[in-house]
Amino acid sequence: MSELKTTFAGLELKNPFIVSSSNLTNSAEKNLAWEQAGAGAIVLKSLFEEQILWESSHIMTEEHPDAGDYFQGYLRAHYLDEYTRLVKESKQKCSIPVIASINCYTDQEWEKFAVLIQEAGADAIELNLMAIQTGLKYEYGSFEQKLAGIVRHVASQVKIPVIAKIGNNLTNPLALINMLHANGAKAVVMFNRFYQTDIDIEKMEYCSGQVLSEASELAHALRWIGLASAAVPCMDYAASGGVSDGAGIVKSLLAGASAVEVCSALYKDGEKRLGTMLDELKAWMERHRFASVNDFKGRMKAKDLEKANIFERTQFMKYFGGKQ
Ligand SMILES: Cc1cc2nc3c(=O)[nH]c(=O)nc-3n(C[C@H](O)[C@H](O)[C@H](O)COP(=O)(O)O)c2cc1C
């Protein structure tokens, strides 16, 4: 019998399959169904501060231009109330770890939101830290410093583990992860997926690109988890982005992840996909005679970090040099 148990950010998981943050996890009933389908943990949909700000400014300008901070305060309380209820109800129904997720826009709100979420009973908090930088006077490194500050402030206010979910648009994720660890993060999720931009050439309008990921996108997580798990081994890692079958879980664990966070594959195929992916993981472990996840986790992490860049460049030349 294969042992699928793993630990992630100090949480004991019965297997490495985490249902990723999205509307798939926005109700306690859905979360119970994921647990019954076999999930090791769930990450609740994010509480977006930006949405609260956007909705309040929309009401203020269009309907009640004089209402000032009133709507903002009201909406914030309303959304926070709804979110803490989601945490409490999910905790009541589920026995697997329930990870809350927040995405704050301003510097001030992260800590307040995190404390309320901890009080509601969440097992951990995932900070959704993805953003793009467009300022022409941008100072290189200031975004990374800001992320480290957010993690430090939140981690100093809560006792539950803090997990950082980052985007794949960073110059050097390893240096950032090292800094996040020093500032209190217990784990990193690599990577969140940006909204995909496309253009409708008939209407000549911007529109949404492909919403759900493809298996090929896993390449980003495999590269960076393979490097990061060797460079910053005291951090736990979860792969996100393109994990769509049992092989995707195996590859992520071999690269050094402790878990995977899956979203698109579940949007496409629902609960049955979760079971199939875990069965495929077990079958692979049995074929290769691995009794537990720990027996092979990190086997394929980078062996020599100094040579990683040379390795990438030679592979690139080999591949493209041979193409006619
Ligand atoms: C419809 C949709 C909604 C999402 N909502 C959130 C969210 O609220 N918070 C978050 O951190 N990530 C969100 N994500 C990102 C996913 O959690 C996941 O990190 C990303 O889609 C990559 O994983 P995948 O390839 O398995 O889809 C969302 C993704 C999709 C497709």
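Residues numbered from 1 in each chain as written. Predicted model: local features only at pLDDT ≥ 70, side-chain atom pairs only at ≥ 80, totals over all residues. Heavy atoms only, no water.

With respect to empty space enclosed by the protein
Then comes step 1: One pass over the structure, following the stated rule, counts one cavity of 30 Å³ or more.
Then comes step 2: In this model, the largest cavity occupies a volume close to 40 Å³.
Then comes step 3: What lines the largest cavity is simply Ser-213, Glu-214, Ala-215, Gly-242, Val-243, Ser-244, Ser-264, Ala-265 and Lys-268.
Then comes step 4: Class assignment for the residues of the lining of the largest cavity results in three nonpolar, four polar and two charged. (1 Å grid on protein atoms, 1.4 Å probe; cavity = no way out; pocket = protein on both sides within 12 Å on 5 of 7 lines; lining within 4 Å. Points joined across faces, edges and corners; volume = space filled by probe spheres on them. Nonpolar A, V, L, I, M, F, W, Y, C, P; charged D, E, K, R; others polar.)

Topic: the nonpolar core
The nonpolar side chains of soluble globular proteins are, as a tendency, buried together.
Then comes step 1: Core analysis: the largest hydrophobic core is formed by 80 residues, its most contacted members being Phe-17, Ile-102, Leu-127, Leu-180, Met-190, Tyr-237 and Leu-281.
Then comes step 2: Contacts of Met-190, omitting those with residues within four sequence positions, involve Ile-166, Pro-173, Ile-177, Ala-221, Trp-224, Ile-225, Ala-228, Tyr-237, Ala-238, Ala-239 and Ser-240.
Then comes step 3: With 14 residues, the next largest nonpolar core counts Phe-8, Ala-9, Ile-99 and Val-189 among its residues. (Core = buried A, V, L, I, M, F, W, Y, C linked by side-chain atoms within 4.5 Å. Buried < 20%, exposed > 50% of the residue type's maximum accessible area, 1.4 Å probe, protein only. Contact = heavy atoms within 4.5 Å.)

Looking at the sheet that holds strand 4 (residues 41–48)
Then comes step 1: With parallel pairing, the eight strands of this closed barrel are ordered in space as 3-4-5-6-7-8-11-12. Ignoring strand direction, the axes of neighbouring strands in this sheet form an average angle of 25°.
Then comes step 2: Examined bridge by bridge, strand 3 (residues 17–19) and strand 4 share two bridges and lie parallel to one another. Residue pairing for strand 4: Ile-18 is matched across the bridge by Ala-41.
Then comes step 3: Helix 7 (residues 218–231) contacts strand 8 (187–190) and strand 11 (236–240) of the sheet and is inclined by roughly 175° relative to strand 11. (Pairing = 2+ DSSP bridges. Helix = DSSP H or I, 4+ residues; strand = E, 2+ residues; numbered from the N terminus. Axes fitted to C-alpha atoms, helices over the stretch in contact; angles between N-to-C directions.)

Remarks on a nonpolar patch on the surface
Then comes step 1: The grouping of Ile-199, Ile-201 and Tyr-206 at the surface amounts to a nonpolar patch, some 380 Å² of accessible area in total.
Then comes step 2: Of the residues examined, Tyr-206 reaches a relative accessible area of 65% and is grouped as exposed. (Patch = residues over 30% accessible without salt bridge, like charges linked within 9 Å, V, L, I, M, F, W, Y side chains within 5 Å. Areas by Shrake-Rupley, 256 points an atom, 1.4 Å probe, with all protein chains shown as cover. Salt bridge = Lys/Arg side-chain N within 4 Å of Asp/Glu carboxyl O.)

Looking at the packing of aromatic side chains
Then comes step 1: Per the stated rule, a full pass over the model turns up four aromatic pairs.
Then comes step 2: Ring centres of Trp-284 and Phe-296 lie 4.9 Å apart, and the angle between their planes is 65°; this geometry places the pair in the edge-to-face category. Of this pair, Trp-284 sits in helix 10 (residues 271–287) while Phe-296 sits in the loop between helix 10 and helix 11 (308–321); the two residues are twelve residues apart in sequence, bridging distant segments of the chain. Residues Trp-284 and Phe-296 agree in their burial class; the two are buried.
Then comes step 3: Grouping aromatic residues by their ring pairs yields a cluster made of Trp-284, Phe-290 and Phe-296. (Phe/Tyr/Trp six-rings, centres within 6.5 Å; stacked < 30°, edge-to-face > 60°.)

Section: the site of the ligand
Then comes step 1: The environment of the ligand is formed by 19 residues, the closest being Ser-21, Ser-46, Ser-213, Gly-242 and Ser-264.
Then comes step 2: At 2.8 Å from an oxygen atom of the ligand is found a side-chain nitrogen or oxygen belonging to Ser-20.
Then comes step 3: In this structure, Ser-240 approaches the ligand through a side-chain N or O atom, which is 2.9 Å from an oxygen atom.
Then comes step 4: Contact with the protein chains removes 86% of the 610 Å² of surface that the ligand exposes when unbound.
Then comes step 5: Placement of the ligand is best described as lying within the largest pocket.
Then comes step 6: Those elements giving two or more residues to the shell around the ligand turn out to be strand 4 and helix 9 (264–269).
Then comes step 7: Along the lines of polarity and charge, the residues of the shell around the ligand split into six nonpolar, eleven polar and two charged. (Near = heavy atom within 4 Å. Polar contact = N/O pair within 3.5 Å; in protein donor to acceptor, adjacent residues only side chain to side chain. Sits in = over half its atoms within 2 Å of the grid points.)

What to know about the packing of helix 5 (residues 142–157) against helix 6 (residues 173–182)
Describing two packed helices takes the angle between their axes plus the distance from one axis to the other.
Then comes step 1: For the pair helix 5 and helix 6, interaxial distance at closest approach is 9 Å and the crossing angle is 25°. Of the possible angle classes, the one that applies to helix 5 and helix 6 is roughly parallel. In this structure, helix 5 crosses over helix 6, and the sense of that crossing is right-handed. Residue-level contacts link Glu-144, Gln-145, Leu-147, Ala-148 and Val-151 of helix 5 to Leu-176, Met-179 and Leu-180 of helix 6.
Then comes step 2: Here the residues of the contact of helix 5 with helix 6 are counted per class, giving six nonpolar, one polar and one charged. (Parallel < 35°, antiparallel > 145°, perpendicular 65-115°, else oblique. Left-handed = near helix turned anticlockwise from the far one by under 90°.)

Things to note about the pairing of strand 11
It is a general feature of regular strands that their side chains alternate between the two faces of the sheet.
Then comes step 1: Burial runs high along strand 11: five of the five residues are buried.
Then comes step 2: Taking every second residue as pointing to the same face, both faces of strand 11 are buried, with Asp-236, Ala-238 and Ser-240 on one and Tyr-237 and Ala-239 on the other.
Then comes step 3: Sheet topology places strand 11 next to strand 12 (residues 259–262); three bridges connect them, and they run parallel. Looking at strand 12, one finds that Ala-239 is bridged to Val-260.
Then comes step 4: In this fold, the crossover linking strand 11 to strand 12 by way of helix 8 (residues 246–255) has right-handed handedness. (Right-handed = clockwise from strand over helix to strand, strands pointing away.)

Brief notes about helix 6
Then comes step 1: Buried within helix 6 we find Pro-173, Leu-174, Leu-176, Ile-177 and Leu-180. With its buried residues spanning 160° around the axis, helix 6 presents them on a single face.
Then comes step 2: In this structure, the buried side of helix 6 is in contact with helix 5, strand 7 (162–166), strand 8, helix 7 and strand 11.
Then comes step 3: The N-terminus of helix 6 is capped by Asn-172, whose side-chain oxygen sits 3.0 Å from the backbone nitrogen of Leu-174.
Then comes step 4: Looking one or two residues past helix 6, Gly-184 carries a phi angle of roughly 115°, positive in sign. (Arc of directions from axis to C-beta.)

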